[in-house]
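What the coordinates show
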Amino acid sequence: MPNKVQVPRISDAIAATLERRILEGSLRPGDRLPPERELAVDLGVSRPSLREAIQKLASKGMVQSRQGGGTYVTDALETSFSDPWQDMMGKHPNLREDMLEFRRMLEGQAAEWAAERATDADLRRLDQTFATLRAAFDSDDTERRSEADIAFHQAIGDAAHNVLIGHLSGALLRLMHDNIRLNLGELKSVPAASRLLMTQHEAIYRAVRENKPQAARAAAETHIDFVRETLAQTLRSVARRETAERRLNTEFTTS
């Protein structure tokens, strides 16, 4: 009958619920799904239906079982974007400028919407990531600074409550992780620059916290403008050092 009501399979409904949690960031790449019994109770479904739903997600590459037990969320939504770009950035350094230009647009909008839309839970997470960022900048650990920087900006992206912004922000930040670490490593020896970076992050944090959308956008854009300029200077500095090293090695070889 053409007008027959199509009743969705319970496993499809469960899969859709889990997909929504992945999309909204409640379940993140690397997170382990709760034990089957616990998750079935949480969702109010049978374990066979839950297993079927998880198999559906696994077939899409959104979750995977690991040796030793457990089902984990994959980073398929982000690596499908970042993988080819990661390779091209290595071959075409000029792409970094385009990436930063795009990041400026994305993070400016994310900060504006976060200032408008952040919930109490978002603000608690933002407080935590900002405190972690401040502590990281007080240390000499470049990797720690880089991870804290990424976590802070990801919290802003998620607080914008736009699924695409949340996932694209995460993909871009991970894509530029090496550049962020390089930049922070170079700036670590320049106390004024490190303080300026922290001041910029605080301006974004305060504007979001105080529900000031335009100030949040301006602060985010100012931060990315600074990052673009300092990264360019960093790369030039690295290139000069590499050139000097090659010249020195050549002199030793020929002498």
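Scroll up for the structure.
Because the structure is a prediction, the values reported are computed rather than measured. Sequence order sets the numbering: in each chain, residues are counted from 1 along the sequence as written. Restriction of local features to residues with pLDDT of at least 70 applies here, the model being predicted, together with a cutoff of 80 or more for giving and counting side-chain atom pairs; totals for whole chains, interfaces and linings are based on all residues. With hydrogens and water stripped out, all remaining heavy atoms of the structure feed into the side-chain values.

1. Some details on the nonpolar core
By size, the foremost hydrophobic cluster in this structure holds 36 residues, and its most contacted members are Leu-126, Leu-133, Phe-152, Ile-156, Ile-204, Val-208 and Ala-216. Secondary-structure elements contributing two or more residues to this core are α5 (95-117), α6 (120-137), α7 (142-159), α8 (163-175), α10 (191-209) and α11 (213-254). Note on contacts: a residue pair is in contact if any heavy atoms of the two residues lie within 4.5 Å. In this view, Ala-216 contacts Ala-111, Glu-112, Ala-115, Ala-207 and Val-208; residues no more than four positions away in its chain are not counted. Throughout this description, the term nonpolar core refers to a set of buried Ala, Val, Leu, Ile, Met, Phe, Trp, Tyr and Cys residues connected via side-chain atoms within 4.5 Å. Classification of residues uses two cut-offs on accessible area relative to the type maximum, computed with a 1.4 Å probe and protein chains only: under 20% is buried, over 50% is exposed, and between them is partly exposed. With 16 residues, the next largest nonpolar core counts Ala-15, Ala-40, Val-45 and Ile-54 among its residues. The numbering of helices and of strands both runs from the N terminus, where a helix is a DSSP run of H or I of at least 4 residues and a strand a run of E of at least 2.

2. Describing the packing of α5 against α8
The geometry of a pair of packed helices is captured by two quantities: the angle between their axes and the separation between those axes. Think of each axis as a best-fit line through the C-alpha atoms, taken over the contacting stretch in the case of a helix, with angles from 0 to 180 degrees between the N-to-C directions. Packing of α5 against α8 leaves a shortest axis separation of 11 Å and a crossing angle of 140°. With respect to α8, the axis of α5 lies oblique. Crossing geometry of α5 relative to α8 is assigned as left-handed. Each of Met-99, Phe-102, Arg-103, Leu-106, Glu-107, Gln-109, Ala-110 and Trp-113 in α5 lies in contact with α8, whose residues at this interface are Ile-165, Leu-168, Ser-169, Leu-172, Leu-173 and Leu-175. Relative orientations are named as follows: roughly parallel for angles under 35 degrees, roughly antiparallel for angles over 145 degrees, roughly perpendicular for angles from 65 to 115 degrees, and oblique for any other angle. The crossing is said to be left-handed when, going from far helix to near helix, the turn is anticlockwise and less than a right angle, and right-handed when the turn is clockwise.

3. A look at the side chain of Glu-221
The topology assignment puts Glu-221 in helix α11. The residues contacting Glu-221, other than those within four sequence positions of it, are Arg-104 and Gly-108.

4. Concerning the packing of aromatic side chains
Note on ring pairs: Phe, Tyr and Trp rings are taken, using the six-membered ring of Trp, and paired if centres are within 6.5 Å. Classes follow the plane angle, with under 30 degrees stacked, over 60 edge-to-face and the rest tilted. Counted under the stated rule, the structure contains 2 aromatic pairs. Both rings, one in Phe-130 and one in Phe-152, keep their centres 6.0 Å apart while their planes meet at 55°; by these two values the pair is tilted. Residue Phe-130 is found in helix α6, and its partner Phe-152 is found in helix α7; the two are separated by 22 residues along the sequence. Comparing Phe-130 with Phe-152, the two get one shared label, buried. The interplanar angle of 5° and the centroid separation of 4.2 Å between the aromatic rings of Phe-130 and Tyr-205 together place this pair among those described as stacked. Of this pair, Phe-130 sits in helix α6 while Tyr-205 is found in helix α10, placing the two residues 75 residues apart along the sequence. Here the two residues Phe-130 and Tyr-205 agree in accessibility, since each one is buried. Aromatic rings pair up to connect Phe-130, Phe-152 and Tyr-205 into one cluster. Two limits define a charge over a ring: the Lys NZ or Arg CZ must be within 6 Å of the ring centre, and within 35 degrees of the ring normal. Above the ring of Trp-113, the side-chain terminus of Arg-117 is found at 4.3 Å from the ring centroid. Above the plane of the ring of Phe-137 lies Arg-145, whose end atom (NZ or CZ) is 4.9 Å from the centre.

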